[in-house]
Amino acid sequence: MASVHICLLKPGVVMQFENTTPFAADLNFAFEKSGRELVVVAVKATFDFPEQGAIATPAQEQLPLFYSEVFGDDPEADAVRFDNDFAPVKRACDVLCEAVAFSPGGRPTTNLKVGMRLGQWSKAFDVIGPRIWLRGAMGHRISDTRPFTKLSLSYDNAWGGVDPHPEKQGHAATCETNPSGVGYYPYRLSLEGAPLPLTYQPNRHVTDIDGPYLPMAFGPVGRHWLPRRKYVGTYDQVWMDHRMPFMPDDFDPMYYQSAPPDQQISFPKGGEPVELLNLTVEGRFGFYLPRETLGVTFQRKSGPLSQKIPLLDTVQLLPAERRFCLTWRTRFACNRDIHDLSEIIVTRRSE
C-alpha cells in the first residue's frame, strides 16, 4: 500500500513524497562541496532469515530509517550500534553486523572463530572468553579464561578504550581507533581486575596494555574515530573565511562509509550468498540476498522528470534477531534549489 506525505519546503511551497513499496523510505537534504543542494532518498528493506540456503523474503515488521546514530545505554561512552541512514553518498557498500557469538551446540567454550561472508568477500576473527589482569609475584599476569556460550561482539568489547591519567585531572590516553573498547591501559598503575578484550585479530592476541592492536568487531565505526575521522577535512581559519558553512576543499566522501575499511565492498546486485560462522545458534548459517530493483522518480515543477535506480550500499545483519536490512540510496542534484522539485516517487520491481 502506497504512503504519501507532503514536505513543507518553505511557507507556501510543498513537495509530495510517495512510497509505493512495502519498505521504509524517506528523503533528506544535503549539499555538495560546491554548495549545490541535494535531495537524498534512502530506502530500507527488512527481511526475515529464510530457511537454510534459501532466498529471504520481506519481513512483516519493517524497521524504520534512522535519522541519527543509535548508541547503547551510555551514548557518551558506548560504541555506535547503528549509523544514520541518510549519508549523501557512499562510494562502496558497507557490510555491518550487530554480532553475538554463539558457542557450537550451546556447549561452554573458552574460544572460537566467528566470521561473515558475502559473495567473494569475507572477514573472520577470534573470540576468547572473559579474562582480567591479575597481580602476580613477577608483575601482572592474565587470568584463566571464563567459558561462555554467548557473547556480545560490539566495539565495546574489542581492543581500545580511554585511560585517565592518574595524576593529571582531565588528561587521558585514548585509543583513537576505538575509544569505546577495553584493554588499552598505558597510564594505569595497577591492572588488578582490568578486563581484556573479547575479540582479536587471528593469531595476534592481546598480551600487553598499549598495543598497537586492531579492534575487531563487525559494527559501524564512530565518526570521530580513526581512520574515519581523517576524511572529514580541515576546519581552520581558511575554511571559516572562505568555505563555511560548506565542506572544506579536502573533505573526502569516504567519511560517509560507516563500516571499517575491511567491510567495504563493491555494490551487491542481489542473489549473492551470505554465510555466518558462529553468529547464530546453528553454528554455520547461510542464505542468499534477495534480488530487488527499486526506482526513484524526481519530478520537477518545470522541465523533464529524472528517473534513477538507487544502489544497494548498506547491508545490516541482525543474526540474533533472525533478520537483516538492506538500504538503497540515490540523490538528485538540483539545478537551482530544492524548490524545483514537485514530487518524488519510490517504486519496486522484484525479480
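Quick note: structure is the one above.
These numbers were taken from a predicted model, which means no experiment stands behind them.

Student: Please give an account of the overall build of the protein chain that cites residues and values.
Tutor: Helix and strand content of the protein chain: one helix and 26 strands. By its C-alpha atoms, the protein chain is 80 × 55 × 30 Å across when sized along the principal axes. Here the protein chain holds 351 residues, and 48% of them are scored as buried. The long-range fraction of contacts in the protein chain, counting pairs at least 24 apart against all pairs at least 6 apart in sequence, stands at 62%. Of the side-chain charges in the protein chain, 37 are positive and 41 negative, and the distance between the mean point of each set is 4 Å.

Student: I'd like to hear about the packing of aromatic side chains, residue by residue, with values.
Tutor: In total, this model carries 20 aromatic pairs according to the counting rule given. Ring centres 4.9 Å apart and planes at 75 degrees place the aromatic pair Trp-159 and Tyr-213 in the edge-to-face group. Taken together, the residues Trp-159 in strand β14 (residues 159–160) and Tyr-213 in the loop between β18 (199–200) and α1 (237–242) connect sequence positions 54 residues apart. Under the relative-accessibility criterion, Trp-159 is labelled buried at 2%. Accessibility expressed as a relative area gives 10% for Tyr-213, which makes it buried. Their ring planes at 20 degrees and their centres at 5.0 Å tell us that Phe-287 and Phe-324 sit as a pair that is stacked. Taken together, the residues span a long stretch of sequence, with Phe-287 in strand β21 (residues 284–288) and Phe-324 in strand β25 (residues 323–333) at a distance of 37 residues. Residues Phe-287 and Phe-324 agree in their burial class; the two are buried. The structure contains a cluster of three or more aromatic residues connected by ring pairs, namely Phe-23, Phe-47, Phe-49, Phe-285, Phe-287, Phe-324 and Trp-328. Seen from the ring of Tyr-255, Arg-228 lies directly overhead, with NZ or CZ sitting 5.2 Å from the centre. Over the ring of Phe-285 we find Arg-322, and its NZ or CZ is 5.0 Å from the ring centre.

Student: Any details on the pairing of strand β11 (residues 133–136)? Residues and values, ideally.
Tutor: Alignment of β11 against strand β12 (residues 139–142), held across four bridges, turns out to be antiparallel. Note that in β12 the partner of Leu-134 across the bridge is Arg-141. In sequence, β11 turns back onto β12 through a hairpin of two residues.

Student: Which residues make up the sheet that holds β18, and what are the values?
Tutor: Across the sheet, which stays open at both edges, the five strands sit in the order β18-β10-β9-β20-β21 with antiparallel pairing between neighbours. Edge positions in the sheet fall to β18 and β21, since each of these pairs with one other strand and no more. With four bridges connecting them, strand β9 (residues 111–118) and strand β20 (residues 273–277) associate as antiparallel partners. Its bridge partner being in β20, Gly-115 is matched across the sheet by Leu-277.

Student: Lay out the side chain of Gln-263 with the relevant residues and their values.
Tutor: Following the sequence through the fold, Gln-263 ends up in the loop between α1 and β19 (264–265). You can call Gln-263 buried: its relative accessible area is 0%. A distance of 2.6 Å separates the side chain of Gln-263 from the side chain of Lys-123, its partner in a polar contact. Among residues more than four places away in sequence, those in contact with Gln-263 are Cys-93, Asp-94, Val-95, Leu-96, Trp-121, Lys-123, Ala-217 and Phe-218.

Student: Residues and numbers for the sheet that holds strand β7 (residues 93–97), please.
Tutor: Here six strands make up an open sheet; going across it, the order is β3-β4-β25-β24-β7-β19 and the pairing mixed. Here the strands that pair on one side only, and so sit at the sheet edges, are β3 (24–31) and β19. In this structure, β7 lies alongside strand β24 (residues 311–318), joined through four bridges in parallel fashion. By the bridge assignment, Leu-96 is partnered in β24 with Gln-316.

Student: Got a sec to walk through the environment of Ile-142? Specific residues and values, please.
Tutor: With respect to the secondary-structure elements, Ile-142 resides in strand β12. Dropping the residues within four chain positions of it, Ile-142 is found in contact with Arg-131, Ile-132, Trp-133, Leu-196, Val-206 and Thr-207.

Definitions and limits used
- Residues numbered from 1 in each chain as written.
- Predicted model: local features only at pLDDT ≥ 70, side-chain atom pairs only at ≥ 80, totals over all residues.
- Heavy atoms only, no water.
- Helix = DSSP H or I, 4+ residues; strand = E, 2+ residues; numbered from the N terminus.
- Buried < 20%, exposed > 50% of the residue type's maximum accessible area, 1.4 Å probe, protein only.
- Contact = heavy atoms within 4.5 Å.
- Lys, Arg positive; Asp, Glu negative; His and termini not counted.
- Charge placed at Lys NZ, Arg CZ, Asp CG, Glu CD.
- Phe/Tyr/Trp six-rings, centres within 6.5 Å; stacked < 30°, edge-to-face > 60°.
- Lys NZ or Arg CZ within 6 Å of the ring centre and 35° of its normal.
- Pairing = 2+ DSSP bridges.
- Polar contact = N/O pair within 3.5 Å; in protein donor to acceptor, adjacent residues only side chain to side chain.

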